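Okay, here's what each chain looks like letter by letter:
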Amino acid sequence: MPKLALITGASSGIGKATAEAFANLGINLILCGRRIEKLESLKSSLSSKVTVQILTFDVRNKVQVENALNSLSDSEKNIDILVNNAGNAHGMGPIQDGSTDDWDAMIDGNVKGLLYVSRVIMPWMKARQQGHIVNLSSIAGKSTYPNGNVYCASKAAVEAISEGMRLDLNPFGIKVTNVAPGAVETEFSIVRFKGDEEKADAIYKGFEPLKAEDIAEVIAFAVSRPAHVVMADITLFPVAQASATVINRKA
Ligand code: 8X3
């Protein structure tokens, strides 16, 4: 029986690459995001391999999340794998000068959004006594770096939520995998720097960063382990990276 995965933030980056990797494994998909055209085009490229359903909602909007997920048919609620990927960094600078709108966006998306989606789906998994939740954290959640403050806090919250899920869902056989990437070249820095391509490009200068596909490949590996195996916590760096702040850049 093919598995069914729901992926948030599936329209680009790690979410999109994970959808592609899952399709190659024959995992049916529910793709969630805000950008319908991007989701539609991903759906058409994957539909020859697996069934693909699209849900458009903003994870920050609790009512939208609940309505969209509850609109799924009974069979579509049999979600085997939830990938909580939606999230972003907004702004980077000293905390004393931070934008409270940016803080809201990060706490609402990266933390509350992940919780809203999980809150609907965890009882479905509990009822079936099976499931696998993959939370996209970051090296930023394990180590706070200068000017990262609230983004790092939001990812530290993801680390704590992954642990909390692992503990509380343990009696029901539900797997929890926390994935913490370092530098991955996606739209991440463009969003963080509000469209400033020069600043975004500088982040990945002088070394070979990870690609979204590198993370997706590892997630696909994690969800295809035997039933008794869970990869609990995965940190991924490009070879040039040694910590949240140390990257070996060539001139
Ligand atoms: C993305 C990695 O190091 O830019 O979460 O925070 S980092």
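Residues numbered from 1 in each chain as written. Predicted model: local features only at pLDDT ≥ 70, side-chain atom pairs only at ≥ 80, totals over all residues. Heavy atoms only, no water.

Going by an unreviewed UniProt entry, the chain carries the name NADP-dependent 3-hydroxy acid dehydrogenase YdfG and comes from Arcicella rosea. Regarding the chain, the UniProt comment filed under Sequence similarities (unreviewed entry) reads as follows: "Belongs to the short-chain dehydrogenases/reductases (SDR) family." (UniProt positions renumbered as here; feature names shortened; annotations may be inferred.)

Some words on the side chain of Ser11
As for its placement among the helices and strands, Ser11 is situated in the loop between strand 1 (4–7) and helix 1 (13–24). At a separation of 3.4 Å, a polar atom in the side chain of Ser11 contacts the side chain of Arg35. With residues near it in sequence (within four places) discarded, Ser11 still touches Lys16, Arg35, Lys38 and Leu39. (Helix = DSSP H or I, 4+ residues; strand = E, 2+ residues; numbered from the N terminus. Polar contact = N/O pair within 3.5 Å; in protein donor to acceptor, adjacent residues only side chain to side chain. Contact = heavy atoms within 4.5 Å.)

Quick word on empty space enclosed by the protein
Using the criterion set out here, one finds one cavity of 30 Å³ or more in the structure. Looking at the largest cavity, its volume works out to about 30 Å³. Together, Thr8, Val59, Asn84, Asn85, Ala86, Gly113, Leu114 and Val117 line the largest cavity. A total of three residues in the lining of the largest cavity trace back to one element, the largest contributor, which is helix 4 (residues 100–128). In terms of residue class, the lining of the largest cavity is made up of four nonpolar, four polar and no charged. (1 Å grid on protein atoms, 1.4 Å probe; cavity = no way out; pocket = protein on both sides within 12 Å on 5 of 7 lines; lining within 4 Å. Points joined across faces, edges and corners; volume = space filled by probe spheres on them. Nonpolar A, V, L, I, M, F, W, Y, C, P; charged D, E, K, R; others polar.)

Observations concerning the site of the ligand
If you check the shell around the ligand, you find Ser138, Ile139, Ala140, Tyr145, Tyr151, Gly182, Phe188 and Arg192 and nothing else. In this structure, Ser138 approaches the ligand through a side-chain N or O atom, which is 2.5 Å from an oxygen atom. Tyr151 is positioned such that a nitrogen or oxygen atom in its side chain is 2.6 Å from an oxygen atom of the ligand. Within the complex, the protein chains bury 83% of what would otherwise be the 240 Å² of accessible surface of the ligand. (Near = heavy atom within 4 Å. Areas by Shrake-Rupley, 256 points an atom, 1.4 Å probe, with all protein chains shown as cover.)

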